[in-house]
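# Examining the three-dimensional arrangement
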Amino acid sequence: MRRPAPPGRGRLRHALLGGLAAVAVATTMLPAAAAQPSGPASAAGAQRAAATSEAASGAASDGARKKRAHTDVLFIGAHPDDEFQSLSTFGQWAEKRKLSTGVVTITRGEGGGNAVGNEEGAPLGMLREAEEREAVRLAGVRNVFYLDKPDFWYTLSAPLTSKVWDREPSRKDTLERLVRLIRATTPKTVVTMDPRPFDQHGGHQLAGRLATEAFELAGNRKAFPHQITKERYKPWQPSGLLAQNWRFQGPSGKSCATSPQRDEASGLPVRGWWGGVESRKHRTSWAQVERDAQRKYVSQGFGSVPEKVTEEEKQQCDWFTVLAEHGKPVKAKAEPQSGLKPVYAEFARWARDVGMPWLANKAQPDYPERPGTTVPMAAHAPAVDGKAGEGEYPGDPVRLDHWQGEKCATAQDCSAEARLSHHGDALYALVHVTDDKQGTKLGADDCKRHWRTDSVELALDPKGTSDDTSTVFKTGLLPFTDPRPDSADAGGPCAARDADNRQGPAARTAPGLEVASQVTKPYKGYTVEVKIPYRVLPATVDPTRLTANVMVYDSDTDDKTGQTRLAWATFGSAQADPYVWGRTPLLGAAPPAVSPSPPDIPLEAAKSIDSPASVKQSKRTGVPLAGGPRA
């Protein structure tokens, strides 16, 4: 199968890596793409005025420290690489407007995939920090500030992310650190991620929310007053706040930089910066510089994207929705939705509370009707051997359709169907995949983050009422692994749980789960069969309300990246959105009672104190590590 062309600038570029995102930049400083900041309202003028005020008050040392820390633009994201789709714009601003950009990255991406090794947790976070620092330097970004918050796994829930980032005793810790960093770096413009909830990582949403709140609070001396009275920061109100609008489809080429546009949902103005602008320093287009930067994030699979941008990609633009100008929200007409699901209702309340209710306009999409199939009782307990025996799966198979990535060229290229049944105390699934090229064989000790190669994922919501995947069961199933000559591992299948109620290898997190596979020789695909005991699910199964999804990940390369995804329920982020999963009533089942289990979420995070680059930066800028308090 052909490697898919990378999604265009401003489109969904994280689709094959487990998540989606969107970013924001303020435009009062840049009222149009061709405009130059000038006069006392310019970023340089604001910096000089602040420094003068500090000196006049007798705080000369603070003034010098502020000058070292100052940045004209401050991007606030959740993970390393969240900024890369804005690097073309940041680079242009640096080269043409002499505007510096700093980056705040709330986590180091410990929960992401790894296409270059077996590092995970804190070691992976340090690896991703190094990648990020190398990438952003191409756009002239010198300072990257990390907040040391844990990146646990791909979720669509901002509320769940908030519970992980901000645990007791301080439920406002991340916000407090962001306010402190804005006061320390005195940006004219804040750039953050789109806070809207549909089809994007909860960390991205929460980064956008927190940046929006910090934008307003940093200039209020009543907000975190100890930063002013004890740490000797000054209140600082940025002028502009923008949201990068990845889904916006506007004109291409030079016209995007001058053509007024509006976001269809919110009604807010949208402005564009053209990637085809040539860089004097790099002697190529800024779109190409951004591609060069993107390829630095090798652990996330971006090292495999084509080295050169196409002429079509060069004509595309970075789009930014203007959220605030002159320090105040840009107003638009609010159009409340009715019948909101809990995640969207919570977002609408937040948008109203921050004085931007129009952000919730059309935030909840029109969900399609859920697919459905009845799950029959097998005549006898299926033998888990990778084959459909007589009477084991009496129901009709369900077909898996294209969900993300490049569409299958033919049925032989990639196609799949699944069959479900139940017997006794367990649910059974048999997934048959047709595939013309085998992906990377991962080691049996690397049976996690299965989307990096050919694999199957099965997701179950026991009661059909979950708002996020912390209360569901999900397992990734590798049909084959790399046999190790120095062990008894024969290269068979393996199973592990990820991004659900409990994480880790199935032997530890789902005792009694059985998996088997049949892989064709010569390779034309595989069949995976799995037994899932009801007792390993996070709650008692309601046999009339159980919902499920079956997904297949197809990789045709040896670089630990996927190209195509298939699913039974295909809408949005189908692996992480229980709202779309199919109805799967269990005919005649009587599942045993299971005590609900609280989610076990990994909290390991790399620390700035352990990063030589972060320590060196802190000494140079005077900004404490992790956005912490100043002595």
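Above this note sits the structure.
Below: a short report on this structure. Quantities reported herein were computed from a predicted structural model and do not represent experimental measurements. (Residues numbered from 1 in each chain as written. Predicted model: local features only at pLDDT ≥ 70, side-chain atom pairs only at ≥ 80, totals over all residues. Heavy atoms only, no water.)

## Quick look at the overall build of the chain
What the chain contains, in helices and strands, is 13 helices and 23 strands. Intrachain contacts of the chain at a sequence separation of at least 6 include 76% that bridge at least 24 residues. Surface exposure of the chain reaches about 24,200 Å², of which carbon and sulfur atoms provide 53%. (Helix = DSSP H or I, 4+ residues; strand = E, 2+ residues; numbered from the N terminus. Contact = heavy atoms within 4.5 Å. Areas by Shrake-Rupley, 256 points an atom, 1.4 Å probe, with all protein chains shown as cover.)

## Structural notes on the pattern of salt bridges
Under the definition given, this model contains 26 salt bridges. The salt bridge involving lysine 448 is made with glutamate 120; its shortest N-O contact spans 3.6 Å. Of the two residues, lysine 448 sits in the loop between strand 14 (426–435) and strand 15 (455–461) while glutamate 120 sits in the loop between strand 2 (101–107) and helix 4 (121–137), which places them 328 residues apart along the sequence. On the accessibility criterion, lysine 448 (18% relative accessible area) is buried. (Salt bridge = Lys/Arg side-chain N within 4 Å of Asp/Glu carboxyl O. Buried < 20%, exposed > 50% of the residue type's maximum accessible area, 1.4 Å probe, protein only.)

## What about the packing of helix 6 (residues 173–185) against helix 7 (residues 202–217)?
In the contact formed by helix 6 and helix 7, the axes pass within 9 Å of each other and the chain directions differ by 50°. In terms of axis orientation, helix 6 runs oblique to helix 7. Considering only the axes of helix 6 and helix 7, their crossing is right-handed. Between helix 6, through Thr174, Leu175, Leu178, Val179, Ile182 and Arg183, and helix 7, the contact on the second element is made entirely by Leu210, Ala211, Glu213, Ala214, Phe215 and Leu217. In the contact of helix 6 with helix 7, the residues fall into 9 nonpolar, 1 polar and 2 charged. (Axes fitted to C-alpha atoms, helices over the stretch in contact; angles between N-to-C directions. Parallel < 35°, antiparallel > 145°, perpendicular 65-115°, else oblique. Left-handed = near helix turned anticlockwise from the far one by under 90°. Nonpolar A, V, L, I, M, F, W, Y, C, P; charged D, E, K, R; others polar.)

## Comments concerning the layout of surface pockets
Reported here for the largest pocket is a volume of approximately 550 Å³. Taken together, 29 residues make up the lining of the largest pocket; nearest its centre are Glu120, Lys448, Arg449, Gln503 and Gly504. Of all the elements in the fold, those that place two or more residues in the lining of the largest pocket are strand 17 (494–497), strand 18 (504–505) and helix 12 (506–509). Counting residues per element, the lining of the largest pocket draws most heavily on strand 17, at 4 residues. (1 Å grid on protein atoms, 1.4 Å probe; cavity = no way out; pocket = protein on both sides within 12 Å on 5 of 7 lines; lining within 4 Å. Points joined across faces, edges and corners; volume = space filled by probe spheres on them.)

## Considering the packing of aromatic side chains
Under the definition given, this model contains 20 aromatic pairs. Ring centres of phenylalanine 152 and tryptophan 153 lie 5.0 Å apart, and the angle between their planes is 75°; this geometry places the pair in the edge-to-face category. We note that phenylalanine 152, like tryptophan 153, is buried. Pairing tyrosine 297 with phenylalanine 302 gives two aromatic rings, centres 6.4 Å apart and planes at 80°, and the pair type is edge-to-face. By relative accessible area, which is 3% here, phenylalanine 302 ends up buried. The rings of Phe75, Phe90, Trp93, Trp273 and Phe320 are connected pair by pair, giving a single aromatic cluster. One cation-aromatic arrangement involves arginine 108 over tyrosine 146; the distance from NZ or CZ to the ring centre is 4.3 Å. (Phe/Tyr/Trp six-rings, centres within 6.5 Å; stacked < 30°, edge-to-face > 60°. Lys NZ or Arg CZ within 6 Å of the ring centre and 35° of its normal.)

## Some details on the environment of phenylalanine 320
Relative to the helices and strands, phenylalanine 320 resides in strand 10 (residues 317–325). With relative accessibility at 0%, the residue phenylalanine 320 sits in the buried group. In sequence terms phenylalanine 320 and aspartate 194 are 126 residues apart; their C-alpha atoms lie 9.7 Å from each other.

## Examining unusual backbone geometry
Going from glutamate 168 to proline 169, the amide bond is cis rather than trans, its omega being 15°. Mapped onto the elements, proline 169 comes out in the loop between helix 5 (158–165) and helix 6. The amide bond that connects lysine 521 to the next residue, proline 522, takes the cis arrangement and shows omega of -5°. By the secondary structure assignment, proline 522 is in the loop between strand 19 (514–519) and strand 20 (525–533). At aspartate 148, a residue that is not glycine, the phi angle is positive and equals roughly 65°. Relative to the elements of secondary structure, aspartate 148 occurs in strand 3 (residues 144–149). Non-glycine residue alanine 499 carries a positive phi angle of around 60°. In this structure, alanine 499 sits in the loop between strand 17 and strand 18. Exposure remark for alanine 499: the relative accessible area of 3% places this residue in the buried category.

## A short note on the pairing of strand 12 (residues 398–405)
Of the strand pairs in this sheet, strand 12 and strand 13 (residues 414–423) are connected by 3 bridges, and their pairing is antiparallel. Residue pairing across strands places leucine 400 opposite alanine 416, the latter belonging to strand 13. (Pairing = 2+ DSSP bridges.)

## Remarks on the nonpolar core
Ranked by size, the top nonpolar core spans 74 residues in total, and within it Ile76, Leu87, Val104 and Leu359 carry the most contacts. Filtering out sequence-adjacent residues up to four positions away, valine 104 remains in contact with Leu74, Phe75, Ile76, Gly77, Phe145, Leu147, Leu178 and Leu181. (Core = buried A, V, L, I, M, F, W, Y, C linked by side-chain atoms within 4.5 Å.)

## Focus: the side chain of serine 611
The topology assignment puts serine 611 in the loop between strand 23 (582–583) and helix 13 (612–621). Dropping the residues within four chain positions of it, serine 611 is found in contact with Arg108, Met126 and Glu129.

## Remarks on the environment of leucine 513
Note on placement: leucine 513 falls in the loop between helix 12 and strand 19. A residue is classified by how much of its surface remains accessible, and leucine 513, at 14% relative accessible area, is buried. Sequence separation between leucine 513 and alanine 496 is 17 residues; the distance between their C-alpha atoms is 10.0 Å. In this structure leucine 513 touches Phe473, Thr475, Ala495, Ala506, Val530, Lys531, Ile532 and Pro533, once residues within four positions along its chain are discounted.

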